[in-house]
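Listed here are the chains, written in short residue letters.
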2 protein chains.
Amino acid sequence: MVEQQHVTLDRVFHALSDRTRRAMLQRLTEGEKTVSDLAAPHAMSLAGASKHIRVLEGAGLVRRRIEGRVHFCRLEAERLKQADNWLKHYERFWNERLDALETLLREEDEQANGGASR
Amino acid sequence: MVEQQHVTLDRVFHALSDRTRRAMLQRLTEGEKTVSDLAAPHAMSLAGASKHIRVLEGAGLVRRRIEGRVHFCRLEAERLKQADNWLKHYERFWNERLDALETLLREEDEQANGGASR
DNA sequence: TCGATTGTCAACCATTTGGTTTATCGTTTG
DNA sequence: CAAACGATAAACCAAATGGTTGACAATCGA
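None of the values given here were measured: they were computed from a predicted structure. (Residues numbered from 1 in each chain as written. Chains lettered and ligands numbered in written order. Predicted model: local features only at pLDDT ≥ 70, side-chain atom pairs only at ≥ 80, totals over all residues. Heavy atoms only, no water.)

Explanation requested: the sheet that holds strand S2 (residues 62-67) of chain B in the structure shown.
Residue and element names in this part refer to chain B. Overall, antiparallel pairing links the three strands, which are arranged S1-S3-S2 in an open sheet. A single partner strand is all that each edge strand has here, and the edge strands are strand S1 (33-34) and S2. Two elements, S2 and strand S3 (residues 70-75), share six bridges in a ladder whose sense is antiparallel. The residue bridging Arg63 from the neighbouring strand is Arg74, located in S3. Packed on one face of the sheet, helix H2 (residues 19-28) meets S1, S2 and S3 and runs near 90 degrees to S3. Against the sheet, helix H4 (residues 46-58) touches S2 and S3, its axis set at about 120 degrees to S2. (Pairing = 2+ DSSP bridges. Helix = DSSP H or I, 4+ residues; strand = E, 2+ residues; numbered from the N terminus. Contact = heavy atoms within 4.5 Å. Axes fitted to C-alpha atoms, helices over the stretch in contact; angles between N-to-C directions.)

Looking at this structure, I do not really get the interface of chain B and chain A. What am I missing?
Each partner contributes to the interface: chain B provides 30 residues, whereas chain A provides 30 residues. Area buried by chain B at its contact with chain A is led by Arg22, Tyr90 and Trp94 of chain B, which between them contribute 22% of it. Across the contact surface, chain B and chain A share two salt bridges. Between Asp10 of chain A and Arg22 of chain B there is a salt bridge, with its nearest N and O atoms 2.8 Å apart. The interface formed by chain B and chain A includes six residue pairs in polar contact (both at pLDDT 80 or more). Elements with a contribution of two residues or more to the side of chain B that touches chain A: helix H1 (2-16), H2, helix H5 (78-88) and helix H6 (91-94) of chain B. At eight residues, H5 of chain B tops the list of elements feeding residues into the side of chain B that touches chain A. Among the residues forming the side of chain B that touches chain A, the class breakdown is 13 nonpolar, five polar and twelve charged. (Buried area = accessible area lost by both parts, 1.4 Å probe. Salt bridge = Lys/Arg side-chain N within 4 Å of Asp/Glu carboxyl O. Polar contact = N/O pair within 3.5 Å; in protein donor to acceptor, adjacent residues only side chain to side chain. Nonpolar A, V, L, I, M, F, W, Y, C, P; charged D, E, K, R; others polar.)

Please explain the relation of the copies chain B and chain A as it appears in this structure.
Both copies of the chain are tied together by a single rotation about an axis and a shift running along it. Superposing chain B onto chain A requires a rotation of 180 degrees together with a translation of 0.0 Å along the rotation axis, leaving an RMSD of 0.0 Å. Viewed as a symmetry operation, the transformation between the two copies matches a two-fold axis. In this assembly, 100% of the residues forming the interface of chain B have copies in chain A that are likewise at the interface, indicating an isologous arrangement. (Least-squares fit on C-alpha atoms with pLDDT ≥ 70 in both.)

Honestly, the sheet that holds strand S3 (residues 70-75) of chain A in this entry has me stumped. Any pointers?
Strands sit in the order S1-S3-S2 (chain A) across an open sheet of three strands; the sheet is antiparallel. Edge positions in the open sheet fall to strand S1 (33-34) and strand S2 (62-67) of chain A, since each of these has one partner strand only.

Quick question: what am I supposed to make of the protein's contact with DNA strand D here?
Of all residues adjacent to DNA strand D, which total 22 residues, the nearest are Ser36, Ser50 and Arg64 of chain A together with Lys51 and His52 of chain B. Within 4 Å of the protein, the contacting atoms of DNA strand D are 71% sugar and phosphate, with bases supplying the remainder. Contacts to DNA strand D include Arg69 of chain A, whose side-chain N or O atom sits 2.8 Å from a base oxygen. Residue Ser45 of chain B places a side-chain N or O atom 2.9 Å away from a phosphate oxygen belonging to DNA strand D. When residues of the surface near DNA strand D are traced back to their parent elements, those giving at least two are helix H3 (35-39), helix H4 (46-58) and S3 of chain A together with H4 of chain B. (Near = heavy atom within 4 Å.)

Please explain the protein's contact with DNA strand C as it appears in this structure.
In the vicinity of DNA strand C there are 22 residues, among which Lys51 and His52 of chain A together with Ser36, Ser50 and Arg64 of chain B approach most closely. One of the side-chain nitrogen or oxygen atoms of Lys51 of chain A is found 2.2 Å away from a base oxygen of DNA strand C. Every element with two or more residues in the surface near DNA strand C is listed here: H4 of chain A together with helix H3 (35-39), H4 and S3 of chain B. Across the surface near DNA strand C, the residue classes tally to six nonpolar, nine polar and seven charged.

Just to check I follow, could you spell out the side chain of Thr34 of chain A for this structure?
All names here are of chain A. Mapped onto the elements, Thr34 comes out in strand S1. Polar contacts involving the side chain of Thr34 include one to the main-chain amide nitrogen of Asp37, which spans 3.0 Å. If we ignore the near neighbours within four places in the chain, the residues touching Thr34 are Val70, His71 and Phe72.

See the structure below:
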């Protein structure tokens, strides 16, 4: 089951690694879009765009509702949350440099004087 | 220059889409590791692991310091922060369902009574 | 100096990816 | 009904990916 998590993260990050797909997700923040809507801005065949959407669907980032001949897609952000949760484990590392700087400044402060400010 | 950002995100997300590479990053949270250190847990040739490390480096997620014949790698989390920033644009969407639920509960509350708690 | 160690490079391989084109399916509409 | 429309499927292609092996380069230690 943790195994499945790995596969899921693989799929999510892979889906996000393509600019076209990220743009589609962006577009979906405006609300439901049809496949044609999503395809339109990207200079590529409808079939090509359709494949991208399937990748997003496969990663669980998009859900599809079929109405007649039109397929409506909507953003499914839960998996993005999972990706974000993974990233959160590293949050302290991208704050590290800042932390180090703060520590340094504090030490300098303490060492340099017994009360005077810089 | 925003163009460059796209390419960077492509590389970062692609780097993260592989389980082996994510495990390597995890390992690097413990501190600097040599290429051999990083390769050891993954049933694959050293050359194979080396290629993964290059992908991480190419994405700017790892930096390398060469000392004699040993290559020390360390985590470079800045790019993870960028990925996280991208994801943050979607935060409100994965809170959406919760928001809707809260709204619903509040409405029920207001409608159901004029002061009594549940 | 010689052998072992650390790591890369190059060539190769199977599979996946991102894209195309053409055919087809189901739906809507004139 | 027939034609147009929205979308997928299938076959195909070039390039990238994830992995291998074998040769090599540089360094270290005895």
